[in-house]
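For reference, the chains in residue letters:
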Amino acid sequence: MKQQKSTLVLAALSGVPFIMVLGNSMIIPVLPAIKEALHLTQFKVSLLITLFSVPAGIIIPLAGFLSDRFGRKKVIVPALILYGLGGILAGLATIFLKSMVYQAILAGRILQGMGAAGTAPIAMALTGDLYTGKQRATALGIIEAANGLGKVVSPVLGALLGLITWYATFLFFPLVIIPVVLGVYFLVSEPEQNRQAQSVREYLKSIARVFEKKSAMLLTSFLGGAVALLTLFGVLFFLSEHLETVFRLNGVRKGMALAVPVLFMSSTSYLTGRLIKKRLALMKWLVVTGLALISGALTLMGFYRTTYLFFIAISLAGIGTGLALPCLNTIITSSTAAQRRGLVTSLYGGVRFLGVALGPPLFGLLMNYGLPLMFWSTATLAGVAALLAVFLIRVRDMKEPAAEEKSGPVPYKLQPVPGMAARKPWKYPEKQE
């Protein structure tokens, strides 16, 4: 792939996770305003995040199957459009409905979540299809950095839109989706050879074979990604109200404070993607280090007494997330054959979405029992994930499957004769005009 074309393709693909992450992160700064305007409880407010993420997590495996069978772009483009329509529904409901506004917003959020299922995880699989070796690790690092950049920009953007009105955030979604849809549709050309016309039963059997051989590594990687995002969005949900009540931060200042941990995550993700390349052992230990750093930062937050210590701790948590996620992305995409990469990465994306869904209500529930318990219990969860990664993520399982695993056994008539070099198939000479 030529350098200029590769840059444009990667820019288009990076726009997909960037847009997707706005779905939750841009709403976080205006949650207190929504709570006050609609007279909601803390739990009902958390459902605005959860009911976006749960449908996404459930539908993602189906989106992965469809992308493996029919093509990545044929899933990504309609999914982005559906994502925008959900924002329009939620925004217009607040303007034109006098009753049942909260329920209509939840319906729009569910629709957005269904659209989100076919966006970032499928874009990750498509990136794995288009790039190999060192380029794949770098490209996936940029994809994760774009995800993180969305998290950095969205709190400030959400706070700015909140100055107009709190429901302006919903109406903003369709506007930013248009250029991303056009970029993916016109700039990205996916490899056709990765499509497989298998039945659902055959397809699930092939996925089961992947997990039979690498179940410990894949499940541990899934857990690591879910825990990293559970803690990140749990902390952001906690900060959304805590910054107002304790630190007296509102508007853009609050948005900038929310951007601190994700700014560190985004920059670390980019640097990690540039660093790891094909160093499999390094990937494993960066995952362990990242999860351990999250655990340590959450433990520190349980003890915090000063503003500076608090922001140092959330910055360390962002760095830990930035170390772990690009490595987990590369481990999962590189350890799976292209024909099954869509569903495996989608399963991983689904688990990540469920982590995002559980974070806000879990932190909201634990806040009732005190901040030390909230931080220390989630620190323990991250520590357990780090410990499992030490023992269950093995370098030999991180390698891409051999040809036999990708497409099944080679037919007998195509197998080379022992001792002879492989030759290209012989063709009849073309007729001379």
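Description of the structure in this document. Since we're looking at a predicted model, the values are computed, not measured.

A look at the overall build of the protein chain
- Counting its regular elements, the protein chain contains 15 helices and zero strands.
- By residue count, 57% of the 433 residues in the protein chain fall in the buried class.
- For the protein chain, the proportion of contacts with a sequence separation of at least 24, taken over those separated by at least 6, is 86%.
- As presented, the protein chain carries roughly 19500 Å² of accessible surface, and 67% of it is formed by carbon and sulfur atoms.

Some points on the environment of S215
- Here S215 shows up in helix α9 (residues 200-245).
- Sequence spacing of S215 and L392 is 177 residues, and the spatial spacing of their C-alpha atoms is 9.3 Å.

Quick look at the environment of I95
- Positionally, I95 belongs in helix α4 (residues 73-96).
- Sequence spacing of I95 and Y167 is 72 residues, and the spatial spacing of their C-alpha atoms is 8.6 Å.
- Not counting residues within four places of it along the chain, the set of residues in contact with I95 comprises Y167 and L171.

Brief notes about the packing of helix α7 (residues 133-164) against helix α10 (residues 251-276)
- The contact between α7 and α10 brings their axes to 7 Å, and the two run at 175 degrees. Judged by the angle between their axes, α7 and α10 are roughly antiparallel.

What to know about unusual backbone geometry
- With a phi angle near 60 degrees, M100 is a residue other than glycine that sits in the positive phi range.
- Looking at the element boundaries, M100 is found in the loop between α4 and α5 (101-116).
- A relative accessible area of 53% means that M100 is categorised as exposed.
- With a phi angle near 55 degrees, R248 is a residue other than glycine that sits in the positive phi range.
- Take R248: it is sitting in the loop between α9 and α10.

Quick notes on the side chain of Q112
- By secondary structure assignment, the location of Q112 is in helix α5.
- Here Q112 is in contact with F52, Y83, G86, G87 and F173, once residues within four sequence places are set aside.

Considerations on the environment of G349
- When you line up the elements, G349 lands in helix α13 (residues 338-367).
- Its relative accessible area of 8% is what places G349 among the buried residues.
- Those residues in contact with G349, other than ones at most four positions away along the chain, are I60 and P121.

Examining the pattern of salt bridges
- Tallied over the full model, the rule gives three salt bridges.
- As a salt-bridge pair, E241 and K35 come within 3.8 Å of each other at their nearest N and O atoms. Of this pair, E241 sits in helix α9 while K35 sits in helix α2 (residues 31-38), and the two are 206 residues apart along the sequence.
- The salt bridge partner of E244 is K254, with a shortest N-O separation of 2.9 Å. Within this pair, whereas E244 is found in helix α9, its partner K254 is found in helix α10, the two being separated by 10 residues in sequence.

Quick notes on the packing of helix α11 (residues 280-301) against helix α14 (residues 371-392)
- At their nearest, the axes of α11 and α14 sit 8 Å apart, and the two run at 165 degrees to each other. Classified by the interaxial angle, the pair formed by α11 and α14 is roughly antiparallel. When you trace α11 past α14, the crossing you get is left-handed. Contacts between α11 and α14 involve K284, W285, V287, V288, L291, A292, I294, S295, L298, T299 and M301 from the former and F375, W376, T378, A379, A382, G383, A385, A386, A389 and V390 from the latter.

A look at a nonpolar patch on the surface
- A cluster of nonpolar side chains, contributed by L8, I178, L182, Y185, F186 and L187, occupies part of the molecular surface with about 630 Å² of accessible area.
- Here the element with the most residues in the nonpolar patch is helix α8 (residues 168-187); it accounts for five residues.
- One can find L187 in helix α8.
- By relative accessible area, which is 35% here, L187 ends up partly exposed.

Scoring rules and cut-offs
- Residues numbered from 1 in each chain as written.
- Predicted model: local features only at pLDDT ≥ 70, side-chain atom pairs only at ≥ 80, totals over all residues.
- Heavy atoms only, no water.
- Helix = DSSP H or I, 4+ residues; strand = E, 2+ residues; numbered from the N terminus.
- Buried < 20%, exposed > 50% of the residue type's maximum accessible area, 1.4 Å probe, protein only.
- Contact = heavy atoms within 4.5 Å.
- Areas by Shrake-Rupley, 256 points an atom, 1.4 Å probe, with all protein chains shown as cover.
- Axes fitted to C-alpha atoms, helices over the stretch in contact; angles between N-to-C directions.
- Parallel < 35°, antiparallel > 145°, perpendicular 65-115°, else oblique.
- Salt bridge = Lys/Arg side-chain N within 4 Å of Asp/Glu carboxyl O.
- Left-handed = near helix turned anticlockwise from the far one by under 90°.
- Patch = residues over 30% accessible without salt bridge, like charges linked within 9 Å, V, L, I, M, F, W, Y side chains within 5 Å.

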